[in-house]
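Spelled out, the chains give:
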Amino acid sequence: TIAQCLSRAATIAAASILLAAGAQAKDFKIAVGDGAGGTQEALGLAFIEALEENTGGAHSGKLFLNGQLGSEQDTVNDAAIGTLDFSILAINNITPFSPSVGTMTLPYVILSLEDAVTLTQGPIGEELKENTIRDAGVRIIGWAYSGFRVLTNSARPVETVEDLEGLVIRVPRNEIMIATYKAWGVNPTPMAWSETFAGLQQKVVDGQDNPYITVYAMKFDEVQDYVTNLRYIFSIEPLIVSEAVFQDMSEEDQQAVLAAGEAATKASEEFLRAQEETIKQELVSRGMEITDPANDEQEFIDLATEAVWPQFYDSIGGVEKLNAALTALGRDPV
Ligand code: MLT
């Protein structure tokens, strides 16, 4: 409409005045752990579009997919020291730097997309954002939601905890995930995300877990045959900005970045709802065989919650942090 054109023109004019006043146009570097076609890329593209719009085209960004700028955990370090502007990565790769976000990766705490939205966008998410600035030197400004981390492997269908025996499973360097597999009787192999495809291809490891959308974006169907519909972790993937870079921005730019992060978060939710089922069917048509865990996953659930939760009360800031999350999700505290 004419009104929209006028308002866009006004935004551009305002941005030119800002630039004339000395602000620098920026083309921010955004590291992305996954390949094209996943929720991380969708979040990144939505963020760039909103940032360009919010700054009248003064600022933009470029995505570096597939871990081109380093492993996901390395990008947290780089952003913390300000040599990288932004990164999009899985939350489990932030936990080592900011242990309290472990609340969101404890097994079987988040049981749906709605749960993930409640925790990330409510008061608990706000507290974790503050902690992450303090502990890791990075600010979470948006969230991608990618679905449950299903287990894939190249050896055989896995239906029970017993079926896992003897499989070599790659996990991120994340203590909660390592402890979970141990509770299931497996000693998993920690490996950086950027090395995982090669590890599966060369059969250094037999399997790994990640959401359907990520399995697809990483082309894991080329090196994995079987999927088990585990629901132990619902994958949440934050967009982080270096706190040093953020503090160097003008207040207007900070607001533009935060608003773009919010818009991108909404887009990610829609992307997951629209894409997950289609992508799952695509993986089946490429030959992946899908199995549901026996007895509604009860054995996996009991072993993981009983053995793993208490081990991490201290690192997440006390059992009351878990209870706050469970209560926010309408469940009974422990
Ligand atoms: C991991 O398994 O290291 C991450 O979940 C990968 C990702 O960011 O998709």
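Residues numbered from 1 in each chain as written. Predicted model: local features only at pLDDT ≥ 70, side-chain atom pairs only at ≥ 80, totals over all residues. Heavy atoms only, no water.

1. Some details on the sheet that holds strand E7 (residues 189-190)
Part 1 of the argument: Sheet architecture is open: 6 strands sit in the order E7-E6-E8-E5-E9-E11, paired in mixed fashion. Edge positions in the open sheet fall to E7 and strand E11 (289-291), since each of these has one partner strand only.
Part 2 of the argument: For strand E5 (residues 150-153) and strand E9 (residues 226-228), the ladder comprises 3 bridges, and the chain directions are antiparallel. Residue Thr 152 lies in a different strand from E9, and its bridge partner there is Val 227.
Part 3 of the argument: Here helix H6 (residues 175-183) sits on the sheet and contacts E5, strand E6 (169-171), E7 and strand E8 (207-210); the angle it forms with E6, its principal contact strand, is near 155°. (Pairing = 2+ DSSP bridges. Helix = DSSP H or I, 4+ residues; strand = E, 2+ residues; numbered from the N terminus. Contact = heavy atoms within 4.5 Å. Axes fitted to C-alpha atoms, helices over the stretch in contact; angles between N-to-C directions.)

2. Remarks on helix H2 (residues 39-54)
Think of an α-helix as 3.6 residues a turn; residues three or four steps apart then line up on the same face.
Part 1 of the argument: Along its 16 residues, H2 runs 22 Å from first to last C-alpha, staying within 8% of the 22 Å computed at 1.5 Å per residue.
Part 2 of the argument: Buried within H2 are the following residues: Thr 39, Gln 40, Glu 41, Ala 42, Leu 43, Gly 44, Ala 46, Phe 47, Ile 48, Ala 50 and Leu 51.
Part 3 of the argument: Of the residues flanking the end of H2, it is Gly 56, one or two places downstream, whose phi is positive at about 55°. (Expected span 1.5 Å × (residues − 1). Buried < 20%, exposed > 50% of the residue type's maximum accessible area, 1.4 Å probe, protein only.)

3. Quick notes on the packing of helix H4 (residues 113-121) against helix H10 (residues 251-285)
Part 1 of the argument: The interhelical angle for the contact between H4 and H10, taken along N-to-C directions, is 170°, at an axis separation of 12 Å. The angle between H4 and H10 places the two elements in the roughly antiparallel class. Together, Leu 113, Glu 114, Val 117 and Gln 121 of H4 and Thr 265, Lys 266, Glu 269, Leu 272 and Arg 273 of H10 make up the contact between the two elements.
Part 2 of the argument: Looking at the contact of H4 with H10 residue by residue, the classes come out as 3 nonpolar, 2 polar and 4 charged. (Parallel < 35°, antiparallel > 145°, perpendicular 65-115°, else oblique. Nonpolar A, V, L, I, M, F, W, Y, C, P; charged D, E, K, R; others polar.)

4. Focus on the site of the ligand
Part 1 of the argument: Residues in contact with the ligand amount to 13 residues; listed here are only the nearest, Asp 34, Gln 40, Glu 72, Arg 149 and Arg 170.
Part 2 of the argument: A distance of 2.9 Å separates an oxygen atom of the ligand from a polar side-chain atom of Gln 40.
Part 3 of the argument: Measuring from an oxygen atom of the ligand, one finds a side-chain N or O atom of Asn 210 at 3.0 Å.
Part 4 of the argument: Compared with its free state, where it exposes 270 Å², the ligand has 100% of that area covered by protein.
Part 5 of the argument: For the ligand, the cavity whose grid points lie within 2 Å of the majority of its atoms is the largest cavity.
Part 6 of the argument: The class makeup of the residues in the shell around the ligand is 3 nonpolar, 5 polar and 5 charged. (Near = heavy atom within 4 Å. Polar contact = N/O pair within 3.5 Å; in protein donor to acceptor, adjacent residues only side chain to side chain. Areas by Shrake-Rupley, 256 points an atom, 1.4 Å probe, with all protein chains shown as cover. 1 Å grid on protein atoms, 1.4 Å probe; cavity = no way out; pocket = protein on both sides within 12 Å on 5 of 7 lines; lining within 4 Å. Sits in = over half its atoms within 2 Å of the grid points.)

5. A look at the packing of H2 against H10
Part 1 of the argument: Across the interface, H2 lies against H10 with an axial gap of 8 Å and an inter-helix angle of 140°. The angle between H2 and H10 falls in the class oblique. The two elements H2 and H10 meet at a crossing, and its hand is right-handed. Across the interface between the two elements, Thr 39, Ala 42, Leu 43, Ala 46, Phe 47, Ala 50, Leu 51 and Asn 54 from H2 touch Ala 256, Val 257, Ala 259, Ala 260, Gly 261, Ala 263, Ala 264, Thr 265, Ala 267, Ser 268 and Phe 271 from H10.
Part 2 of the argument: Broken down by class, the residue content of the contact of H2 with H10 amounts to 14 nonpolar, 5 polar and no charged. (Left-handed = near helix turned anticlockwise from the far one by under 90°.)

6. So, the pairing of E5
In regular strands, side chains alternate between the two faces of the sheet.
Part 1 of the argument: Burial along E5 is two-sided: the residues Val 150 and Thr 152 and Leu 151 and Asn 153 are all buried.
Part 2 of the argument: Pairing geometry for E5 and E8, over 4 bridges, is antiparallel. Counterpart to Thr 152 in the pairing with E8 is Gln 208.

7. Quick notes on a negative patch on the surface
Part 1 of the argument: Together, Glu 162, Glu 165, Glu 299, Asp 302 and Glu 306 give the surface a local cluster of negative charge.
Part 2 of the argument: Within the fold, Asp 302 resides in helix H11 (residues 298-308).
Part 3 of the argument: Asp 302 gets classed as partly exposed once you look at its relative accessible area, which sits at 32%. (Patch = residues over 30% accessible without salt bridge, like charges linked within 9 Å, V, L, I, M, F, W, Y side chains within 5 Å. Salt bridge = Lys/Arg side-chain N within 4 Å of Asp/Glu carboxyl O. Lys, Arg positive; Asp, Glu negative; His and termini not counted. Charge placed at Lys NZ, Arg CZ, Asp CG, Glu CD.)

8. As for the sheet that holds strand E3 (residues 86-88)
Part 1 of the argument: Strands sit in the order E2-E1-E3-E10-E4 across an open sheet of 5 strands; the sheet is mixed. Unpaired on one side and paired on the other, strand E2 (60-64) and strand E4 (138-148) mark the two borders of the sheet. Pairs of neighbouring strands in the sheet enclose a mean axial angle of 20°, with direction left out of account.
Part 2 of the argument: Where strand E1 (residues 27-32) and E3 come together, 3 bridges link them in parallel fashion. Across the sheet, residue Ile 30 finds its bridge partner in E3, namely Phe 86.
Part 3 of the argument: Along the sheet, H2 contacts E1, E2, E3, E4 and strand E10 (234-242); its crossing angle with E2, the most-contacted strand, is approximately 165°.
Part 4 of the argument: Each of E3, E4 and E10 touches H10; the most contacted strand, E4, lies at about 5° to it.

9. A short note on empty space enclosed by the protein
Part 1 of the argument: The final tally for this structure, using the stated rule, is 2 cavities of 30 Å³ or more.
Part 2 of the argument: Taken as a whole, the largest cavity holds about 60 Å³ of empty space.
Part 3 of the argument: What lines the largest cavity is a set of 13 residues, among which Glu 72, Ala 90, Arg 149, Trp 193 and Asn 210 lie closest to the centre.
Part 4 of the argument: Of the volumes computed, that of the second largest cavity is approximately 40 Å³.
Part 5 of the argument: Around the second largest cavity, the lining residues are Ala 31, Val 32, Gly 33, Gly 67, Gln 68, Leu 69, Gly 70, Glu 72, Thr 75, Ser 87, Ile 88 and Leu 89. (Points joined across faces, edges and corners; volume = space filled by probe spheres on them.)

Nothing here speaks to function; it is all geometry.
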